[in-house]
Amino acid sequence: MSGRKSIVVGMSTCNIAAGAEEVHDFLAERVAAGLDADLLVTGCFGMCFAEPQVRIVDADGASRLYANVNRMRIEKIVAEDVLGGKPVDKWLVKLDEGEGQKLWGKQKRIVLANCGAIDPEKIDDYLARDGYKALEKVLRANDRMAVIQEITASGLRGRGGAGFSTGMKWKFAYGYENPKKYVVCNADEGDPGAFMDRTTLESDPHAVLEGMAIGAFATGANEAYIYCRAEYPLAIKRLYIAIEQATARGFLGEKIFGSPFSFEIHVKEGAGAFVCGEETALMTSIEGRRGMPRVRPPFPAEAGLFGKPTTINNVETWANVPWIIRNGAAAFAAMGTEKSKGTKVFALAGKIKNGGLVEVPMGITLDEIIHEVGGGTGTKRQVKAVQMGGPSGGCVPRSLFGTKIDYDEVTKTGAIMGSGGMVVMDETTCMVDVARYFLNFTQLESCGKCTFCRIGTTRMLEILTRICDGKGVPEDIPALEDLAQQIKTTSLCGLGQTAPNPVLTTLRYFRDEYESHIFDKKCRAGKCRSLCSFRITEACTGCMVCAKNCPLDCISGEKKQLHVIDQAKCIRCGVCRDLCKFDAVVVG
Ligand SMILES: Cc1cc2nc3c(=O)[nH]c(=O)nc-3n(C[C@H](O)[C@H](O)[C@H](O)COP(=O)(O)O)c2cc1C
């Protein structure tokens, strides 16, 4: 703290997309013109639904967070708060009361602890929050097995989806004698709706580097790769900066902390193929070949990157490691359920009020995450289901929202914990269309190596498209189930083995929607255009919003009079229903 006020602007991809650069540029001009304050940047605060965000920190350390800041608001905030010492109450985020308490009360931040709190491009900020202390601790103790035991005792399981014990994985790699070993960070993050890893890398890259260095020391590796998709340019930029700064300070490179341990990290930019997140495909891609999965065994711990013993973990898994070493396995294991310890970061997206990143202790229920932390839909509509685990996962209906966040409990629903993407759906979501969307994704992303994955998903997609187009036949449901089982059992990698999950879970919980598409030729959600129509009910107040926004001008009616849709012209886009504040537009 410089003894002056600081203005801290959230500058993550999500903040920037919401206009943070304009706010930052304005502040930079004001500071250059003599405004008596330090202008700082940070990563994502997690509240992506209310970005850009700006924190004002007083000389004594007291701070306030403003949400939805724009060019007009920042002028007022500077004039009244920074210069006038009087916070602009109406734009403040009140974290400990009302909605703020709901959003933050149940969160516990380990992985996201530094996100929104430090400048990710300044290593000193990380060091000020105990950065690289865990690495120092393990190198001074110089006991590789003790580190592996600590990680095992913590109960940490891989956050990339499969949930394998991290300590056990490290132990396997430790056990294979070889002068050359690698560690790899999986930052491919291909699941639609997931942005946990991107945000962590953009907001706190050193935590990942430190975790990797600890894992490398424990397993006997001295070289690492971070495989990050090229669509994440800010994450990649900050990773390069962090690696350079850590190397310059001696936390990476030769003889770290004066120990015999030397370690270097490279960044490999992936071209954005979903299958390249699969560990064997990922390593093949780093080697410079086409990223396609191969049969396991041998597992990477025995023969991974360039044929050498390799430990591959997800971004979030690595980011948990320094905290565990600093605070002890018992502190981590004290959070969560019997078999799922610690916390989990989730990316809330879709029909949810508080879309963004949350980190919650394992063991809390889906209902608590979606309705309390996430605030529900934020509209009069109810949440219908949540898609967890992306295309490898499935849809969990609201009736099962009592399910605890626990690898095994979530798996029982037919979905998977996955890497943490949660796409929330309300009654305007058609579950057949959702299944079609995810299958379209996996079909496009199949590498083509396995016949059932390549052709089976194509056939399933054809059937789903036919059902959504109103041309479904009764045999389609058993055909989908049959194909699903065959694709699951005959595919080589997790992509094919899990691709049918969205179809199977929607068939399990929303079979009636498939039936009404096929037998009644109706899409009750109003999504499948060939199977629905919209009409305006007596609840219409004649506000004219629907008429003004109809892309085909097919809604007529006078102000304060009941409006009417011209069914012959209507393309059933649903814009009128989405915008009507009075729920006057209905399906059918
Ligand atoms: C098709 C497919 C895509 C995957 N994508 C990712 C990914 O983007 N990020 C990730 O960490 N793991 C992904 N995985 C899981 C990895 O193969 C692997 O299990 C993980 O990197 C192991 O790290 P963890 O133990 O820390 O979870 C994917 C798996 C499959 C089958």
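Computed from a prediction, not measured in an experiment: that's the story for all the values here. (Residues numbered from 1 in each chain as written. Predicted model: local features only at pLDDT ≥ 70, side-chain atom pairs only at ≥ 80, totals over all residues. Heavy atoms only, no water.)

Asker: Got a sec to walk through the site of the ligand? Specific residues and values, please.
Answerer: Around the ligand, 18 residues are found, and the nearest of them are Gly160, Lys169, Asn313, Asn314 and Thr317. Within the side chain of lysine 169, an N or O atom sits 2.8 Å from an oxygen atom of the ligand. Between the ligand and threonine 317, the relevant distance is 2.7 Å, taken from an oxygen atom to a side-chain nitrogen or oxygen of the residue. Relative to its free-state accessible area of 610 Å², the ligand is covered by the protein chains to the extent of 89%. Put simply, the ligand lies in the largest pocket. Contributing elements (two or more residues each) for the shell around the ligand: β8 (310-314) and α20 (494-498). Here the element with the most residues in the shell around the ligand is β8; it accounts for three residues. (Near = heavy atom within 4 Å. Polar contact = N/O pair within 3.5 Å; in protein donor to acceptor, adjacent residues only side chain to side chain. Areas by Shrake-Rupley, 256 points an atom, 1.4 Å probe, with all protein chains shown as cover. 1 Å grid on protein atoms, 1.4 Å probe; cavity = no way out; pocket = protein on both sides within 12 Å on 5 of 7 lines; lining within 4 Å. Sits in = over half its atoms within 2 Å of the grid points. Helix = DSSP H or I, 4+ residues; strand = E, 2+ residues; numbered from the N terminus.)

Asker: Could you give an account of the nonpolar core, naming the residues involved and the relevant values?
Answerer: Side chains of nonpolar character tend, in soluble globular proteins, to be buried together. Ranked by size, the top nonpolar core spans 63 residues in total, and within it Leu209, Met212, Phe263 and Ile265 carry the most contacts. The leading source of residues in this core is helix α10 (residues 205-219), at nine residues. In terms of nonpolar packing, the next biggest core, distinct from the first, is built from 30 residues, Val383, Val386, Met388 and Val424 among them. (Core = buried A, V, L, I, M, F, W, Y, C linked by side-chain atoms within 4.5 Å. Buried < 20%, exposed > 50% of the residue type's maximum accessible area, 1.4 Å probe, protein only.)

Asker: Help me get a handle on the pairing of strand β3 (residues 54-57), residues and values and all.
Answerer: Pairing of strand β1 (residues 5-10) with β3 involves four bridges; the strand directions are antiparallel. Directly across from valine 8, in β3, lies its bridge partner arginine 55. Relative to strand β4 (residues 63-66), β3 runs antiparallel, the two being bridged by four bridges. Across the sheet, residue arginine 55 finds its bridge partner in β4, namely leucine 65. Connecting β3 to the next strand, β4, in antiparallel fashion are five residues, including glycine 61 with a positive phi near 95°. (Pairing = 2+ DSSP bridges.)

Asker: Hey, could you go over the sheet that holds strand β5 (residues 182-187) for me, with residue numbers and the actual values?
Answerer: Read across the sheet, four strands follow the order β7-β6-β5-β8 without closing on themselves; strand pairing throughout is parallel. Looking at the sheet topology across the chains shown, the edges are occupied by β7 (264-270) and β8. Put simply, the sheet's adjacent strands are angled 20° from each other on average, direction ignored. Helix α12 (residues 279-286) contacts β5, β6 (223-229), β7 and β8 of the sheet and is inclined by roughly 105° relative to β6. (Axes fitted to C-alpha atoms, helices over the stretch in contact; angles between N-to-C directions. Contact = heavy atoms within 4.5 Å.)

Asker: I'd love a proper account of helix α3 (residues 71-83), names of residues and values included.
Answerer: End to end, α3 covers 17 Å across 13 residues, agreeing with the expected 18 Å (1.5 Å per residue, within 8%). Along its length, α3 shows its largest kink, about 30°, at isoleucine 77. Among all positions in α3, only Ile74, Ile77, Val78, Asp81 and Val82 are buried. On its buried face, α3 sits against β1, α2 (20-32), β2 (37-42), β3 and β4. Among the residues trailing α3, glycine 85 stands out with phi positive, at a value near 70°. (Expected span 1.5 Å × (residues − 1). Bend = angle between axes of the 7 residues up to and from the residue.)

Asker: I'd like to hear about the layout of surface pockets, residue by residue, with values.
Answerer: The volume enclosed by the largest pocket comes to roughly 1,200 Å³. As for the largest pocket, its lining consists of 43 residues, and the residues nearest its centre are Gly160, Gly161, Ala162, Gly277 and Glu279. Mapped onto the lining of the largest pocket, the elements with two or more residues apiece are α8 (166-175), β8, α16 (407-412) and α20. Per-element accounting of the lining of the largest pocket gives the leading share, five residues, to β8. In terms of residue class, the lining of the largest pocket is made up of 14 nonpolar, 20 polar and nine charged. (Points joined across faces, edges and corners; volume = space filled by probe spheres on them. Nonpolar A, V, L, I, M, F, W, Y, C, P; charged D, E, K, R; others polar.)

Asker: Explain empty space enclosed by the protein to me, and be specific about the residues and the numbers.
Answerer: Under the definition given, this model contains four cavities of 30 Å³ or more. Empty space within the largest cavity amounts to approximately 90 Å³. Around the largest cavity sit 13 residues that line it, and Cys550, Cys554, Cys570, Cys573 and Cys576 are the ones nearest its centre. Tallied by class, the residues present in the lining of the largest cavity amount to eleven nonpolar, one polar and one charged.

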